[in-house]
Amino acid sequence: MKLIFLGPPGAGKGTVAQKLVDDLKIIQISTGDLLREAVKKGTELGKKAKAYMDAGELVPDDLVIGLLKERIARPDCQNGFILDGFPRTIPQADALAAAKVVVDKVINFNIADAVIISRLSGRRVSRKTGKIYNVNPGGIPMPPPDMPKDELFQRDDDKPEAISNRLVVYRKQTEPLIAYYTKKNLIINVDGNRDLGPIAAEVKKALGVK
Ligand code: AMP
């Protein structure tokens with residue numbers, strides 16, 4: 001099964017994907033995670049991507065498309081995958097189609113800006129496991145009380161200036177993909193304003209997964 005999770009930053013795409021991968025026996029591919037890894041390692045790609053990411057802008061299509069194609073060519077993708085945060089532009093979607101990737105469904109997370117801002121500003125990530133927590137209530141696990149404070153970090157692009165820019169970028173560059181995939185009859189809409197448990201359950205039901 002090949003799925004795309006589409007929706008604004010903070011819609012819960014990553015967390016819901018983490019909840020589904022075991023049930024679906026497929027892997028989650030987050031271009032954001034791959035890019036952050038490249039930045040951390042200081043690769044050429046990471047150096048080029050960092051300034052865009054910190055500002056909440058999109059990394060240029062050619063860089064992200066190259067990265068994604070390389071990732072989906074690896075053997076662990078054979079069973080399928082959830083693309084979390086890709087495509088984010090029409091040229092990226094066209095590149096996926098040109099690479100003959102047959103997408104089964106596109107899950108579109110609808111969510112209000114106020115909920116996005118609360119989710120993103122409260123998001124914290126474990127340096128050790130990559131797991132996502134949230135210090136604001138909303139159904140995403142709070143960090144366990146015994147977790148050392150320095151295990152968690154806040155992404156630079158989850159800080160207030162970058163958050164508002166990411167929303168603008170989403171509306172302008174990524175939202176047109178809803179119409180793109182509606183035309184292909186692939187969209188499943190989910191209400192992302194709720195806690196993530198019910199959202200994950202709804203996605204599973206819509207996909208016919210027990
Ligand atoms: P994410 O973790 O999905 O929110 O991505 C974090 C940042 O990585 C984004 O704000 C972009 O700067 C960059 N990024 C991730 N995926 C893409 C993509 N498909 N196209 C362009 N930039 C991306």
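Refer to the structure presented above.
Throughout what follows, the structure given in this document is the object of discussion.

What counts and what doesn't
- Residues numbered from 1 in each chain as written.
- Predicted model: local features only at pLDDT ≥ 70, side-chain atom pairs only at ≥ 80, totals over all residues.
- Heavy atoms only, no water.
- 1 Å grid on protein atoms, 1.4 Å probe; cavity = no way out; pocket = protein on both sides within 12 Å on 5 of 7 lines; lining within 4 Å.
- Points joined across faces, edges and corners; volume = space filled by probe spheres on them.
- Helix = DSSP H or I, 4+ residues; strand = E, 2+ residues; numbered from the N terminus.
- Nonpolar A, V, L, I, M, F, W, Y, C, P; charged D, E, K, R; others polar.
- Near = heavy atom within 4 Å.
- Polar contact = N/O pair within 3.5 Å; in protein donor to acceptor, adjacent residues only side chain to side chain.
- Areas by Shrake-Rupley, 256 points an atom, 1.4 Å probe, with all protein chains shown as cover.

Some details on the layout of surface pockets
Move 1: Computed from the structure, the second largest pocket encloses a volume of approximately 170 Å³.
Move 2: In this structure, the second largest pocket is lined by L34, E37, A38, K41, T43, L45, L67, E70, R71 and R74.
Move 3: Looking at the lining of the second largest pocket, the elements with two or more residues in it are α2 (31-41) and α4 (61-72).
Move 4: Here the lining of the second largest pocket gets 4 residues from one element, more than from any other, and that element is α2.
Move 5: Each residue belonging to the lining of the second largest pocket can be placed in one class, and the counts come to 4 nonpolar, 1 polar and 5 charged.

A short note on the site of the ligand
Move 1: Close contacts around the ligand come from 16 residues, with T31, R36, E57, G85 and Q92 the closest.
Move 2: In this structure, an oxygen atom belonging to the ligand sits 2.6 Å away from a main-chain N or O atom of E57.
Move 3: Summarising the interface, the protein chains cover 96% of the accessible area of the ligand, which totals 480 Å² for the free molecule.
Move 4: It is α2 that provides the largest number of residues to the shell around the ligand, a total of 4 residues.
Move 5: Within the shell around the ligand, the residues separate by chemical class into 6 nonpolar, 4 polar and 6 charged.

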